[in-house]
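Residues per chain are reported as follows:
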Amino acid sequence: MHGFQLIEKGVSNLPWQERPKKVNGAPIWRYSQNPVIGRNPTEGVARIFNSAVVPYEGEFIGVFRGEQINGIPYIYLGKSKDGICWSFDKNKIPFEDENGNPFMPVYAYDPRLVKVEDVYYIIWCQDFYGAAIGMARTTDFKRFVRVENPFLPFNRNAVLFPRKIHGNFMMLSRPSDSGHTPFGDIFVSESPDLVYWGKHRHVMGKSEEWWQSLKIGGGAAPIETSEGWLLIYHGVSNTCNGYVYSIGGAILDIDEPSKVKYRCGNYLLTPEEWYEERGFVPNVTFPCATLQDAGTNRLAIYYGAADSYVGLAFAYADELAEYIKEHSVVREVDMEIGVR
């Protein structure tokens, strides 16, 4: 795409595999050695999936949803030299309060990890007398300090923008219910201090396309580009065999991210491989993180597969943005400021 730019410099040593000769549909391809994280990855953990990574000190670090053998999910820290082969801490991340006292959630799952200025923020779903959003901050991945829960129950799929907009933190989320939520739209909220959240705006909702006809939710942290915020999200459909989770793409306005500029009518990725179709929860591709390099426009996408594995996919960000624009189906409600 002429003139397209990734704004943040990114990371030049991100994991990468060249495009195969044949790519069907969207210009995105899976890592040929997927899944990059398999079952029973560490002692006491049966499955790792729906997890997020960032570059750190020349290598990679991540927060991982570890489903314990007793079925209760927690967040574990993982490290990697190449973004593909991961080692995990045996113990759960030791969250604490501002005074250094232990402050562990009852459970925690589907974490995102976003650097804003010089601080790394972990955002996850937890029990807050119902499913809601939990948050913590770290600067060194040694001390993890909880911050205020941003929203009341029920809410899921929250992720911060990687920089402030108009001086405020910005967060996408998906209001939900206490169960499997047969509905859901993406909203954006803002805060001056990570304590008080407001100016809630509707971003976009489910759509007529089959793969996002039931509900949608945020995925990886929005990526700042010259075209706007590139959003990799998930869409859900309902079938006679249960929910199907696919990966979609949109581009939001850079200054007013509640406005959708482009929204791809086609999915970018949908369950097709064995590790996406077969697992604890079949037919799931669930994006939680990306790595990108402005020098090459390379994009690596981490996604949960079948609630059992972590998969990796690749694309060139400029090609992906062009595909989203060429196949865009934006409705009037998407283009609104999102307040009524």
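Above this note sits the structure.
Source: prediction; values computed, not measured.

**Re the pattern of salt bridges**
A side chain of one charge can pair with a side chain of the opposite charge when the charged atoms of the two come close.
Okay, step 1: Under the criterion given, the structure shown has 17 salt bridges.
Okay, step 2: Residue Arg19 pairs with Glu319 through a salt bridge whose shortest N-O separation is 3.0 Å. One end of the pair, Arg19, is in the segment before β1 (28–30); the other, Glu319, is in helix α2 (residues 317–326), with 300 residues separating them in the sequence.
Okay, step 3: Judged by relative accessible area, which is 31%, Glu319 ranks as partly exposed.
Okay, step 4: Asp334 serves as the salt-bridge partner of Arg263, at 3.3 Å between the closest nitrogen and oxygen. Of the two residues, Arg263 is situated in strand β19 (residues 260–263) and Asp334 in helix α3 (residues 332–335); the sequence distance between them amounts to 71 residues.
Okay, step 5: Look at Arg263 and you get buried, because its relative accessible area is 1%.
Okay, step 6: Here the salt bridges share partners, and the residues they tie into one network are Arg30, Glu272 and Glu276.

**Some remarks on the pairing of strand β14 (residues 198–204)**
Okay, step 1: Two elements, strand β13 (residues 186–191) and β14, share four bridges in a ladder whose sense is antiparallel. For Val188, the partnering residue across the bridge sits in β14 and is Arg201.
Okay, step 2: Where β13 folds back on β14, the antiparallel hairpin that results is connected by six residues, among which Leu194 adopts a positive phi of roughly 65°.

**Focus: the layout of surface pockets**
Okay, step 1: Each pocket or cavity is described by its volume, and for the largest pocket that value is around 760 Å³.
Okay, step 2: Around the largest pocket, the lining comprises 37 residues; the ones closest to its centre are Arg65, Tyr109, His180, Tyr245 and Asp307.
Okay, step 3: Taken together, the elements giving at least two residues each to the lining of the largest pocket come down to β2 (45–56), β3 (59–68), β7 (108–116), β8 (119–127), β9 (131–138), β11 (155–160) and β18 (242–252).
Okay, step 4: The class makeup of the residues in the lining of the largest pocket is 17 nonpolar, 11 polar and nine charged.

**Description of the sheet that holds β3**
Okay, step 1: Pairing within the open sheet is antiparallel, and its four strands lie in the order β2-β3-β4-β5. In this open sheet, the two edge strands, each paired with only one partner strand, are β2 and β5 (87–88).
Okay, step 2: One ladder, built from two bridges, connects strand β4 (residues 73–80) with β5; its direction is antiparallel. Its bridge partner being in β5, Lys79 is matched across the sheet by Ser87.

**Quick word on the sheet that holds strand β6 (residues 95–96)**
Either a parallel or an antiparallel arrangement is found when strands of a sheet pair, and the pairing is made through backbone hydrogen bonds.
Okay, step 1: Reading across the sheet, the five strands line up as β6-β10-β9-β8-β7 and stay open at both edges, with mixed pairing between neighbours. Among the strands making up the open sheet, the edge pair consists of β6 and β7.
Okay, step 2: Sheet topology note: the β6/strand β10 (residues 144–147) ladder contains two bridges and is parallel. Paired with Phe95 across the strands is Phe144, a residue of β10.

**Structural notes on the environment of Ser258**
Okay, step 1: Within the element layout of this structure, Ser258 appears in the loop between β18 and β19.
Okay, step 2: For Ser258, a relative accessible area of 3% gives the class buried.
Okay, step 3: Placed 61 residues apart in sequence, Ser258 and Trp197 show a C-alpha to C-alpha distance of 15 Å.
Okay, step 4: Setting aside residues up to four positions removed in sequence, Ser258 forms contacts with Val188, Arg201, His202, Val203, Asp334, Glu336 and Ile337.
Okay, step 5: At 2.5 Å, the side chain of Ser258 forms a polar contact with the backbone oxygen of Ile337.

Analysis parameters
Residues numbered from 1 in each chain as written. Predicted model: local features only at pLDDT ≥ 70, side-chain atom pairs only at ≥ 80, totals over all residues. Heavy atoms only, no water. Salt bridge = Lys/Arg side-chain N within 4 Å of Asp/Glu carboxyl O. Helix = DSSP H or I, 4+ residues; strand = E, 2+ residues; numbered from the N terminus. Buried < 20%, exposed > 50% of the residue type's maximum accessible area, 1.4 Å probe, protein only. Pairing = 2+ DSSP bridges. 1 Å grid on protein atoms, 1.4 Å probe; cavity = no way out; pocket = protein on both sides within 12 Å on 5 of 7 lines; lining within 4 Å. Points joined across faces, edges and corners; volume = space filled by probe spheres on them. Nonpolar A, V, L, I, M, F, W, Y, C, P; charged D, E, K, R; others polar. Contact = heavy atoms within 4.5 Å. Polar contact = N/O pair within 3.5 Å; in protein donor to acceptor, adjacent residues only side chain to side chain.

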